Amino acid sequence: MKQINGTKTIFVFTACLLTMLLHAQNPIVQTYYTADPAPMVYNGTVYLYTSHDEDETVKNFFTMYDWRCYSTTDMVNWTDHGAIASLKNFAWMDKTNGAWAPQCIERNGKFYLYVPIHGEGISVLVSDSPTGPFSDPLGKRLIVDSENVWNDIDPTVFIDDNGQAYLFWGNPVLFYVKLNKDMISYDRTIGKNGIVAVGMTTEAFGAKEGRDGKMRTTYTEGPWFYKRNNLYYMVYAAAGIPEYIAYSTAPSAEGPWTYKGFIMERAPQLAFTNHSGIIDFKGNSYFFYHDQDLSKGQGFKRSVSVEQFMYNTDGSIPLIIPTKEGVKQSASNLNPFKKVEAETIAWSEGLKTASDSKTGVYVTKIDNGDYIKVRSVDFGKGAKKFTASVASALAGSQIEIRIGGVDGELLGICEVNNTGDIQNWAVQSCKLKKTKGVHDLYFIFRGSEDNLFNFDWWMLK
Ligand code: FUB
């Protein structure tokens, strides 16, 4: 009996592990290292702005040149919009590294992207679209006359119900300015030349003993500022390195703040930094953070993950456990009967994305065995044909179209012929075994060399 129970336990454990791996959703981007998540809900879509840890780390430090954007309407299939801004947007400065934690907000149809450039303070970019192109409206940094520009990192922005916009930031002290309605200047009459230092008391931000034995507040960096049901929240990286996520609340944007405790504690897959962003979307609450799971423990190669949570009835936030499974799909299934960008991905292995002005973002660096998973694709009453826009300098590559898993049922094989060049796009098609209903769809790429072809979009008929 003992043995049967033991065997059963192993079976249940293995089944759970397989289910977890099959439904792994975290981290939510596998093509690049992404960090410092800043989600923004706009027009029924979540836009996720991230910083970007390069694949090659220079001098064993943060190596970060640009900011990326991803979007979703269902929280599981994420569309890559590429690098939507970079250090090159700022002609007045010559820094080649330091594109740290961004945040974007919409006001009157314009999108304001607040970015720190480490060592150059905080600047702002503006665009007519959430995915850019962004331009520099000031030609200089936004936050001027600060006492220590090296500490001016991690901006977080929020517009209160009365129209007053606040920009908070800082490590290891929290500062704010009251932005003017133009969102690119601020009220210079308050604080010191407009900059207000928040009172860093242990009542406001918790207590922690420093290495020198002195008590300090837990606040470290990475603030995320928002309001919910008339309560103002400041969520932040806390307790130094390694960082936890903690939060404080206040009855007004300007305080007084009260420390409320940890939201995310340490876990093996977390990096020495952590950085959060919180949103409500389609009736659910989501907590974004970053970890080092994808890079197998490299703290300068982080990846954004997300968990769903529920506020307690008093507005407090529960302790959130980082998971591999991530979140459930939040909305309707994916419609494959209109063009779907190839870079709309629930999970992928081995791939990169790239972009150019003609094609936009596309999937590239496709090698034999790499794959893309797209969640909950609605085949409706039946799909019979697969069509894709591809570009290849090789002959004999293939896209296997399967459902349910990389080894799942094979619906068809689309031959990818030589289109003359890896940037020369052509539409290629294949018949599909008629399939109905909702399935997770897998594209498994086959061929005899590396860099088989580029892949821009697909659809079913
Ligand atoms: O990504 C660079 C820095 O690491 C951010 O500015 C901090 O919040 C930490 O995540």
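You'll find the structure just up there.
How each quantity is defined
- Residues numbered from 1 in each chain as written.
- Predicted model: local features only at pLDDT ≥ 70, side-chain atom pairs only at ≥ 80, totals over all residues.
- Heavy atoms only, no water.
- Pairing = 2+ DSSP bridges.
- Helix = DSSP H or I, 4+ residues; strand = E, 2+ residues; numbered from the N terminus.
- Salt bridge = Lys/Arg side-chain N within 4 Å of Asp/Glu carboxyl O.
- Buried < 20%, exposed > 50% of the residue type's maximum accessible area, 1.4 Å probe, protein only.

Novice: So what about the sheet that holds strand β1 (residues 33–42)? Which residues, and what values?
Specialist: Two strands in a sheet stick together by hydrogen bonds in their backbones, pointing the same way (parallel) or opposite ways (antiparallel). On the basis of which strands lie adjacent, the open sheet formed by 5 strands has the order β1-β2-β3-β4-β22 and antiparallel pairing. Edge strands, defined here as strands with exactly one partner in the open sheet, are β1 and β22 (344–345). Examined bridge by bridge, strand β2 (residues 45–53) and strand β3 (residues 66–72) share 6 bridges and lie antiparallel to one another. Note on β3: the bridge partner recorded for Tyr-47 is Ser-71.

Novice: So, the pattern of salt bridges: which residues are in play, and what are the values?
Specialist: Summed over the entire model, instances satisfying the criterion amount to 17 salt bridges. The partner of Asp-55 in a salt bridge is Lys-352, with the nearest N and O atoms 2.8 Å apart. Of this pair, Asp-55 sits in the loop between β2 and β3 while Lys-352 sits in strand β24 (residues 352–356), and the two are 297 residues apart along the sequence. What makes Asp-55 partly exposed here is its relative accessible area of 28%. A salt bridge links Asp-161 to Lys-227; the nearest nitrogen and oxygen atoms lie 2.8 Å apart. With Asp-161 in the loop between β8 (156–159) and β9 (165–169) and Lys-227 in strand β14 (residues 219–228), the pair connects residues that are 66 residues apart, well separated along the chain. On the accessibility criterion, Asp-161 (65% relative accessible area) is exposed.

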